[in-house]
Amino acid sequence: MTQQTDNSEKFIEILTSAASRVCVLAGPGSGKTKGILIPKAKDIVADLSVDPREVLILSFSRLSALDLKKKIIEMERAPKALTLHALCLSFLLSEDNHDIRDRINSVILDFEKDALISDLKVKLTRIDKRQIRKMLNEFSAGWAINPHDQVFTESEEKQEFKRTLLRWLEEHKASMMEEIVYYAVDLAKKIDSDFINGYKYIFIDEYQDLNKLEQEFVEILAKDSELLLVVGDPDQSIYSFKYAHPEGIGQFASDPSTEDHSLPFTGRCAKNILKIANQVLLQSDPQRKDLLKPISSQIDGIAQLKRFNTQEEEYDFVVDSISQKVESGIKPEEIIVLVPRKKLGSDFVKYATEKSQSTDYVFASKNEFSPIEQEKILLFSILVNPQSALHIRSYLGLGDENNYAQEIEEVKNKYGCDTLGLLSAVNSTDFSARRTRMHLLCAKIEQLNSFISEHQNYDNTSELIDDLFPENSGELSSLRNIILSLAENGDSINDIYFKLIDYARNANIPDDKIRVMTLIASKGLEAEYVYIIGCNDGNIPGANRSDYLNDSKYKEEQRRLLYVGITRAKKELLISWSRNIPFGQAMNQATSIIRTVTINGKCYSQVGISEFIQDLDFS
């Protein structure tokens, strides 16, 4: 029998399978998308008796969904590819008979939470803003995975927080992204919907990233399907903060009705890089046998560990190394720098930008918009939904540290109105000229009223984009380019808006500069050359700040995070750490230090190497 040297035989076996439930455990670079998801979907839609609208490819992340869309767009009869959250949202929007219908049109954006927190502070006077934000995150997480009547019942303080938050959401007809799947599952259980029953061939990518509720929605969706094929890898489960349920894919695979497969070979990582990745896997289970295997044609590649005396020396080496690669003709898109902490990434970009004049660096993270970009996005939101109390409230709070929360509460009490009523009720002459903050709020209300009046009959998409995001505005040029890149022929103003909102909720990774990003942001990416810097003790694993994982489970997820970073590398991998890091950095990050030292007049904290890499064999 010929020894298998790649996944091709497995691909054929899966593609020709007639099973109605299929589970594929697929490691990084196994070729699951090109070898299974796309060709299997293509075979199905090639049958003219199958309506392409019955074929659905779902992914956890927007990045993965976009990648799938790019690969299927050339099909003559293309199936639908989107994120599971987007599908749940579409389902709720398609139905009128559910508890969240009047709130679903206005989903809170990250920067809008500032106004929400300021308003909660006015009501919850005994709790500071920092604690309110923490409670909001905890409450949101509970909503994502638990029955809503069981969330925040443990104490009077939590019950009061919940009541206050729910009143705010109801007044502002606003919803939180964490609610969407819960209500989609709840509704799908109650009604017989063509939306749910219309999909006969369902593919789920990155199944290990879904939480229990999301996996339950998949089962409801596939109840009467002819095929449910799920693909995933529990070794790449790194989304505990979104309450991922990596055990779910194992449970799916072990179900007697499921045909299960695994793809043991990877065509991405060079042999020496795979050697390091497998050692990381063995740290969790020294008896493990199902390790990654290189395809027969794979190169040896390079995997290195470097130790530096100071962080500046580490940064210098990495910047010089990258400059040499770029000067030799290697494109920026072929290089990624990964960091275990967000602050470390932004610090490195600042350092690299000052040191290297010829190479551009960018820290790729979840979109953070400038004040003027936030203003324009909210105005866009209000034009799309003029009755959105959420976006009106958020707009009125822009530019003020406390979002005019106290003044807005006073105005609503004075006139006996809600947030929407502010636009017609407020009269600046009712307030003393000495009330500077109140008059600033009144001026914002007048400006918003004028804007709505001037734009209420806009129906030309191009003119609206030019008006809100002028071509000659340097401050808005980036946002304008994003919107133009998202717009497609035939898109309405609403279509473009919802694409922009989806964009705003996710990290977007440019590839025309040297990309610096956190390990977690690198999921789904690959590059010829990967640098993982700052791998000292205290950075990875970092301190456990999770409300969900105990220390043992947190450490295992941190190990998987390093594994994900390592397996982004195709040709060369460099892992580095510094013996001495800036004292202030160690204090801010609560890093465990060995001693404090002075080097060239500067104060440093001496730290150890990450426990995950100290025993790795790079020889």
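See the structure printed just above.
It should be emphasised that the depicted structure is a prediction, and the values quoted were computed from it without experimental measurement.

Peer 1: Please clarify how the overall build of the protein should be interpreted in this entry.
Peer 2: When you go through the protein residue by residue, the secondary structure sums to 24 helices and 16 strands. The C-alpha atoms of the protein give 26 Å as radius of gyration, which agrees with the globular expectation for 619 residues (25 Å, within 12%). Based on the C-alpha atoms only, the size of the protein along its principal axes is roughly 85 × 75 × 55 Å. Counting across all 619 residues of the protein, residues that qualify as buried make up 53%. Long-range contacts, defined as pairs at least 24 residues apart, comprise 75% of the intrachain contacts of the protein with a sequence gap of at least 6. If you average the places of the 75 positive and of the 95 negative side-chain charges in the protein, the two averages end up 4 Å apart.

Peer 1: Before we go on, may I ask you to explain the nonpolar core in this structure?
Peer 2: It is characteristic of soluble globular proteins that their nonpolar side chains tend to be buried jointly. One finds Ile204, Phe217, Leu221, Ile532 and Ile566 to be the most contacted residues of the largest nonpolar core, which totals 77 residues. Looking at which element gives the most residues to this core, the answer is helix H8 (residues 179-190), with eight residues. Once residues within four sequence positions are removed from consideration, leucine 221 is found in contact with Leu56, Leu58, Leu87, Ile196, Tyr199 and Ile202. The next biggest cluster of nonpolar side chains, apart from the first, holds 42 residues, and it includes Leu378, Cys417, Leu423 and Met438.

Peer 1: Can you walk me through the environment of proline 541 in this structure?
Peer 2: Its place among the elements puts proline 541 in the loop between strand E13 (527-532) and helix H23 (551-566). Measuring from C-alpha to C-alpha, the distance between proline 541 and tyrosine 554 comes to 8.5 Å, with 13 residues separating the pair along the chain. Proline 541 has contacts with Gln558, Ser610, Glu611 and Phe612, leaving out every residue within four places of it along the chain.

Peer 1: Teacher, can you tell me more about the environment of leucine 169 here?
Peer 2: Topologically, leucine 169 is positioned in helix H7 (residues 156-171). Sequence spacing of leucine 169 and leucine 390 is 221 residues, and the spatial spacing of their C-alpha atoms is 8.3 Å.

Peer 1: I'm lost on the packing of helix H1 (residues 8-15) against helix H2 (residues 32-46) in this one. Help?
Peer 2: For any two helices packed against each other, the geometry is given by the interaxial angle and the distance between the axes. Relative to each other, H1 and H2 sit at 30 degrees, their axes nearing to 10 Å. Classified by the interaxial angle, the pair formed by H1 and H2 is roughly parallel. As H1 packs across H2, the resulting crossing turns out to be right-handed. Counting all contacts with H1, which are made through Phe11, Ile14 and Leu15, the residues of H2 involved are Gly35, Ile36, Pro39 and Lys40.

Peer 1: Would you mind going over the pairing of strand E15 (residues 595-599) with me for this structure?
Peer 2: Of the strand pairs in this sheet, E15 and strand E16 (residues 602-606) are connected by five bridges, and their pairing is antiparallel. Each bridged residue has a counterpart across the sheet, and for threonine 596 the counterpart in E16 is serine 605. Between the end of E15 and the start of E16, which pair antiparallel, lie two residues, with asparagine 600 showing a positive phi angle near 50 degrees.

Peer 1: Please explain the packing of helix H17 (residues 405-415) against helix H19 (residues 436-455) as it appears in this structure.
Peer 2: Viewed as axis vectors pointing N to C, H17 and H19 meet at an angle of 75 degrees, and their least axial separation amounts to 10 Å. The angle between the axes of H17 and H19 places the two elements in the roughly perpendicular class. Seen from H17, the contacting residues are Glu407, Ile408, Glu410 and Val411; seen from H19, they are Arg437, Met438 and Leu441. Taken together, the residues of the contact of H17 with H19 sort by class into four nonpolar, no polar and three charged.

Peer 1: Can you walk me through a nonpolar patch on the surface in this structure?
Peer 2: Where nonpolar side chains cluster on the molecular surface, the patch consists of Phe583, Met587 and Ile593 and spans about 230 Å² of accessible area. On the secondary structure map, isoleucine 593 appears in the loop between helix H24 (583-588) and E15.

Peer 1: I'm lost on the environment of isoleucine 496 in this one. Help?
Peer 2: In this fold, isoleucine 496 is placed in helix H22 (residues 493-504). Through-space distance from the C-alpha of isoleucine 496 to that of isoleucine 465 is 9.8 Å; in sequence the pair is 31 residues apart. With residues near it in sequence (within four places) discarded, isoleucine 496 still touches Phe380, Thr461, Ile465, Ile483, Ala487 and Asp491.

Peer 1: What should I look at first to understand the packing of aromatic side chains in this one?
Peer 2: Two descriptors summarise a pair of aromatic rings, namely the distance from one centre to the other and the angle between the planes of the rings. Under the criterion given, the structure shown has 18 aromatic pairs. These aromatic residues form a ring-pair network of at least three members: Phe91, Phe195, Tyr199 and Phe217. The lysine or arginine in question, lysine 414, covers the ring of phenylalanine 431, its NZ or CZ lying 5.5 Å from the ring centre. Its guanidinium or amino end placed over the ring of tyrosine 395, lysine 444 lies 5.0 Å from that ring's centre, counting from NZ or CZ.

Peer 1: I would appreciate a short explanation of the state of the cysteines in the present structure.
Peer 2: Note on terminology: disulfide describes a covalent bond linking the sulfur atoms of two cysteines. Applying the stated rule across the entire model yields zero disulfides. Cysteine 269 takes part in no disulfide bond, and the closest cysteine sulfur to it belongs to cysteine 535, at a distance of 16 Å. Among the residues examined, cysteine 269 registers a relative accessible area of 1% and is labelled buried.

Peer 1: Sorry, what's going on with helix H11 (residues 247-254) here?
Peer 2: Residues that lie three or four places apart on an α-helix share one face, since the helix turns once every 3.6 residues. Along H11, the positions that sit buried rather than exposed are Gly248, Ile249, Phe252 and Ala253. What you see down the axis of H11 is that its buried residues fit within an arc of 135 degrees, all on one side. Contacts from the buried residues of H11 go to strand E1 (21-26), helix H10 (212-221), strand E5 (227-232) and strand E6 (259-263).

Peer 1: Explanation requested: the sheet that holds strand E2 (residues 55-59) in the structure shown.
Peer 2: Two pairing modes exist for strands in a sheet, parallel and antiparallel, and in both the strands are linked by backbone hydrogen bonds. Strand order in the open sheet formed by six strands is E3-E2-E4-E5-E1-E6, with parallel pairing between adjacent strands. For this open sheet the edge positions go to strand E3 (80-83) and E6, each flanked by a neighbour on one side alone. Each neighbouring strand pair of the sheet contributes to a mean axis angle of 15 degrees, computed without reference to strand direction. On the sheet, H1 packs against E1, E5 and E6 and is oriented at approximately 155 degrees with respect to E6.

Peer 1: I keep staring at unusual backbone geometry and nothing clicks. Help me out?
Peer 2: Residue proline 541 follows isoleucine 540 across a cis peptide bond; omega there is 0 degrees. Residues other than glycine seldom take positive phi values, yet phenylalanine 152 does so here, at roughly 60 degrees. Mapped onto the secondary structure, phenylalanine 152 falls in the loop between helix H6 (129-145) and H7. The buried category is assigned to phenylalanine 152, whose relative accessible area is 3%. A positive phi is found at glutamate 206, a non-glycine position, where the angle reads about 55 degrees. Mapped onto the elements of the fold, glutamate 206 is located in the loop between strand E4 (201-204) and H10. A relative accessible area of 12% means that glutamate 206 is categorised as buried.

Rules of the game
Residues numbered from 1 in each chain as written. Predicted model: local features only at pLDDT ≥ 70, side-chain atom pairs only at ≥ 80, totals over all residues. Heavy atoms only, no water. Helix = DSSP H or I, 4+ residues; strand = E, 2+ residues; numbered from the N terminus. Rg over C-alpha atoms; globule rule 2.2 N^0.38 Å. Buried < 20%, exposed > 50% of the residue type's maximum accessible area, 1.4 Å probe, protein only. Contact = heavy atoms within 4.5 Å. Lys, Arg positive; Asp, Glu negative; His and termini not counted. Charge placed at Lys NZ, Arg CZ, Asp CG, Glu CD. Core = buried A, V, L, I, M, F, W, Y, C linked by side-chain atoms within 4.5 Å. Axes fitted to C-alpha atoms, helices over the stretch in contact; angles between N-to-C directions. Parallel < 35°, antiparallel > 145°, perpendicular 65-115°, else oblique. Left-handed = near helix turned anticlockwise from the far one by under 90°. Pairing = 2+ DSSP bridges. Nonpolar A, V, L, I, M, F, W, Y, C, P; charged D, E, K, R; others polar. Patch = residues over 30% accessible without salt bridge, like charges linked within 9 Å, V, L, I, M, F, W, Y side chains within 5 Å. Areas by Shrake-Rupley, 256 points an atom, 1.4 Å probe, with all protein chains shown as cover. Salt bridge = Lys/Arg side-chain N within 4 Å of Asp/Glu carboxyl O. Phe/Tyr/Trp six-rings, centres within 6.5 Å; stacked < 30°, edge-to-face > 60°. Lys NZ or Arg CZ within 6 Å of the ring centre and 35° of its normal. Disulfide = S-S within 2.5 Å. Arc of directions from axis to C-beta.

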